[in-house]
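One-letter residues, chain by chain:
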Amino acid sequence: MGLNLQEKQAIVAEVNEQVTQAQAIVLAEYRGIAVSDITKLRATARKSGVYFRVLKNTLARRAVQGTPFEALAEKMVGPLIYSISADPVAAAKIVHEFAKTNGKLVIKAGAMVGSLMSAEQVAVLAAIPSRDELIARLMATMNAATSTFVRGLAAIRDKKEAETAAA
């Protein structure tokens with residue numbers, strides 16, 4: 001049984017809300033994938049803060065109308081899953097990692113605010129560390145520099161104390 005007009009409008013509004021907050025959207029064809037595998041992918045996406053939805057393409061086209069992702073509408077053909085995330089890398093990473101283990105999931109296209117991406121570009125985006133990973137690396141680097149500086153000061157202090165005690 002199909003959806004009535006109010007249900008369709010509610011879905012379009014929900015997806016549009018996600019799209020307006022998004023930094024990236026990835027489209028992938030899921031033809032032939034078992035429901036249990038899609039469920040695992042949904043759970044992984046949810047943990048990473050990625051909005052993941054199987055959606056009618058006509059509804060998705062309406063949801064992206066008037067947004068920076070409007071160019072993606074022409075790629076919305078066939079049975080697709082939509083991965084939408086505020087983190088520019090998260091959606092690409094989740095879908096790409098799953099596609100490595102399940103050959104039936106085929107990445108069709110992606111988009112970042114204002115730019116369309118091919119499947120190859122989505123794979124390159126997925127290889128970039130996430131925002132949290134980059135912040136962790138930056139903090140580790142900053143912490144290492146501070147620790148080295150403090151150890152240097154402590155060594156100078158210990159040397160001066162040793163010289164004072166010897167005199």
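Check the entry above for the structure.
Residues numbered from 1 in each chain as written. Predicted model: local features only at pLDDT ≥ 70, side-chain atom pairs only at ≥ 80, totals over all residues. Heavy atoms only, no water.

Trainee: Please explain the pattern of salt bridges as it appears in this structure.
Mentor: Oppositely charged side chains can pair when the atoms bearing their charge come close. For the structure on display, the rule yields six salt bridges. In this structure, Asp-158 and Arg-157 form a salt bridge, with 3.1 Å as the shortest nitrogen-oxygen distance. Residue Asp-158 is classed as partly exposed on the basis of its relative accessible area, which comes to 39%. Judged by its relative accessible area of 46%, Arg-157 falls in the partly exposed class. Where Glu-161 meets Arg-157, a salt bridge forms, and the shortest distance between an N and an O atom there is 3.8 Å. Residue Glu-161 and its partner Arg-157 are both found in helix 6 (residues 131-166); the two are separated by four residues, about one turn of the helix. (Salt bridge = Lys/Arg side-chain N within 4 Å of Asp/Glu carboxyl O. Buried < 20%, exposed > 50% of the residue type's maximum accessible area, 1.4 Å probe, protein only. Helix = DSSP H or I, 4+ residues; strand = E, 2+ residues; numbered from the N terminus.)

Trainee: It is not clear to me how the packing of helix 4 (residues 90-101) against helix 5 (residues 119-127) should be interpreted in this structure. Could you clarify?
Mentor: If you want to describe how two helices pack, look at the angle between their axes and the distance between the axes. For the pair helix 4 and helix 5, interaxial distance at closest approach is 8 Å and the crossing angle is 105°. Relative to helix 5, helix 4 is oriented roughly perpendicular. Here helix 4 contributes Ala-92, Lys-93 and His-96 to the contact with helix 5, which in turn contributes Val-122, Ala-123, Leu-125 and Ala-126. (Axes fitted to C-alpha atoms, helices over the stretch in contact; angles between N-to-C directions. Parallel < 35°, antiparallel > 145°, perpendicular 65-115°, else oblique. Contact = heavy atoms within 4.5 Å.)

Trainee: What is the right way to read helix 4 from this model?
Mentor: Taking 1.5 Å as the rise per residue, helix 4 with 12 residues should run 16 Å; its terminal C-alpha atoms sit 17 Å apart, in good agreement. Burial in helix 4 covers these residues: Ala-90, Ala-91, Ala-92, Ile-94, Val-95, His-96, Phe-98 and Ala-99. Buried residues belonging to helix 4 abut strand 1 (24-29), helix 2 (35-47), strand 3 (80-85), strand 4 (106-112) and helix 5. (Expected span 1.5 Å × (residues − 1).)

Trainee: What is the right way to read the environment of Leu-116 from this model?
Mentor: Within the secondary structure, Leu-116 sits in strand 5 (residues 115-117). Accessibility expressed as a relative area gives 33% for Leu-116, which makes it partly exposed. As for Leu-116 and Pro-68, which are separated by 48 residues in sequence, their C-alpha atoms are 9.8 Å apart. Contacts of Leu-116, omitting those with residues within four sequence positions, involve Ala-71, Leu-72, Glu-74, Lys-75, Gly-110, Ala-111 and Gln-121.

Trainee: Before we go on, may I ask you to explain the pairing of strand 1 in this structure?
Mentor: In summary, the side chains of a regular strand alternate between the two faces of the sheet. Most of strand 1 sits inside the fold, with six of its six residues counted as buried. Side chains Ala-24, Val-26 and Ala-28 project from strand 1 onto one buried face, and the interleaved Ile-25, Leu-27 and Glu-29 project onto a second face that is buried too. Where strand 1 and strand 3 come together, six bridges link them in antiparallel fashion. When the bridges of strand 3 are listed, Leu-27 appears paired with Tyr-82. Sheet topology note: the strand 1/strand 4 ladder contains six bridges and is antiparallel. (Pairing = 2+ DSSP bridges.)

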